[in-house]
Amino acid sequence: MATVVAFHAHPDDEVILTGGTLARAAAAGHRVVVVTATDGRVHNEQDGVRIDELRTSAGILGAHRVECLGYADSGYGPEFYPDPPGRVRFGRADVDEAAQRLAAILRAEDADLLLSYQANGGYGHRDHVQVHHVGKRAAELADTPRVLEATMPRELLCRITDFTQLLRLPGPYEPDVVRTAYAPRATITHRIDTFRFARQKRDALAAHRSQVGAGPAARALGLMLRLPPQVFGVLLGREWFVDPATAAGPVRRDIFD
């Protein structure tokens, strides 16, 4: 059996990008460790709420250990807020210092595989971009054998955006962001079927209650969380990765391939 460490920027990213994959790995007997760079607090939100939600979510997915590196959320958008008292926003963190924190976990776990992000951070969020840099450096420091970068097919996101615009619904990303988001389908090396773990992924996503909010996007999310697992699985039953050390070729069906 192997040990996989999934490194994410914020609580809830572990579900959105890798939830089904982590549940599948845990069900197969592999050890699953979830690490987030931040506790998800941008301003003065109630301390500990999002970390508690993360632990609940990770437990639903079957993770064996959950850790947070302790940085503050940098926020998304043009304004980069000052560091809060006594903490550093992850987007400003020293890469080597943060990588040493993650590398200590990788060494302690004798990790076989690190799940991280691509250089563009998926959709350009400064914390997601930083995950790429810190994850890459930590794998070097810890001599972790393999790294896979979580992604999505850009072409699929473009179709979803076109559909949501046609129906005048809130899309997951702005149209100008989608054009360079994540990865072209031809570069993806791993496509993981997670349909059998749709219930776990749905319930893990629901554990992040503080992120539901209000408005059209929140109503759309609430509707999605009420879907039967089979329908949820049809919509969100695949997850994708790029192996930065391997040229694109036949698509692998398991992260351990």
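Just so you know, these numbers come straight off a predicted model, no measurement behind them. (Residues numbered from 1 in each chain as written. Predicted model: local features only at pLDDT ≥ 70, side-chain atom pairs only at ≥ 80, totals over all residues. Heavy atoms only, no water.)

Section: the packing of helix H8 (residues 198-206) against helix H10 (residues 229-236)
Reasoning step 1: Remark: H8 packs on H10, axes separated minimally by 8 Å, with the N-to-C direction vectors making an angle of 90°. One element, H8, and the other, H10, form an angle in the roughly perpendicular class. Here Ala198, Arg199, Lys201 and Arg202 of H8 lie close against H10, whose contacting residues are Pro229, Phe232, Gly233 and Leu236.
Reasoning step 2: Looking at the contact of H8 with H10 residue by residue, the class counts come to four nonpolar, one polar and three charged. (Axes fitted to C-alpha atoms, helices over the stretch in contact; angles between N-to-C directions. Helix = DSSP H or I, 4+ residues; strand = E, 2+ residues; numbered from the N terminus. Parallel < 35°, antiparallel > 145°, perpendicular 65-115°, else oblique. Contact = heavy atoms within 4.5 Å. Nonpolar A, V, L, I, M, F, W, Y, C, P; charged D, E, K, R; others polar.)

What about the packing of aromatic side chains?
Reasoning step 1: The final tally for this structure, using the stated rule, is three aromatic pairs.
Reasoning step 2: Centre to centre, the rings of phenylalanine 7 and phenylalanine 90 are 6.4 Å apart; their planes meet at 90°, and the pair counts as edge-to-face. Of the two residues, phenylalanine 7 is situated in strand E1 (residues 3-8) and phenylalanine 90 in the loop between strand E3 (65-71) and helix H3 (95-109); the sequence distance between them amounts to 83 residues.
Reasoning step 3: Since its relative accessible area comes to 0%, phenylalanine 7 is described here as buried.
Reasoning step 4: On the numbers, 5.3 Å between centres and 70° between planes, the contact of tyrosine 76 with tyrosine 123 is edge-to-face. Note that tyrosine 76 is positioned in the loop between E3 and H3 and tyrosine 123 in helix H4 (residues 121-124), a separation of 47 residues in sequence.
Reasoning step 5: Counting every residue linked through ring pairs, the aromatic cluster contains Phe7, Tyr71 and Phe90.
Reasoning step 6: Across the ring face of phenylalanine 80, the terminal group of arginine 92 is positioned such that the distance to the ring centre comes to 3.9 Å.
Reasoning step 7: The residue whose ring lies beneath arginine 126 is phenylalanine 80, and the NZ or CZ to ring-centre distance is 4.4 Å. (Phe/Tyr/Trp six-rings, centres within 6.5 Å; stacked < 30°, edge-to-face > 60°. Buried < 20%, exposed > 50% of the residue type's maximum accessible area, 1.4 Å probe, protein only. Lys NZ or Arg CZ within 6 Å of the ring centre and 35° of its normal.)

Structural notes on the nonpolar core
Reasoning step 1: Of all hydrophobic cores here, the largest spans 55 residues; its most connected members are Phe7, Val32, Val35, Phe90, Leu102, Leu106 and Leu115.
Reasoning step 2: Excluding anything up to four places from it in sequence, phenylalanine 90 contacts Phe7, Ala37, Thr38, Tyr71, Ala72, Ser74, Ala98, Asp127, Gln130, Val131 and Val134.
Reasoning step 3: Membership of the second largest hydrophobic core comes to six residues, among which are Leu61, Phe197, Ala204 and Leu205. (Core = buried A, V, L, I, M, F, W, Y, C linked by side-chain atoms within 4.5 Å.)

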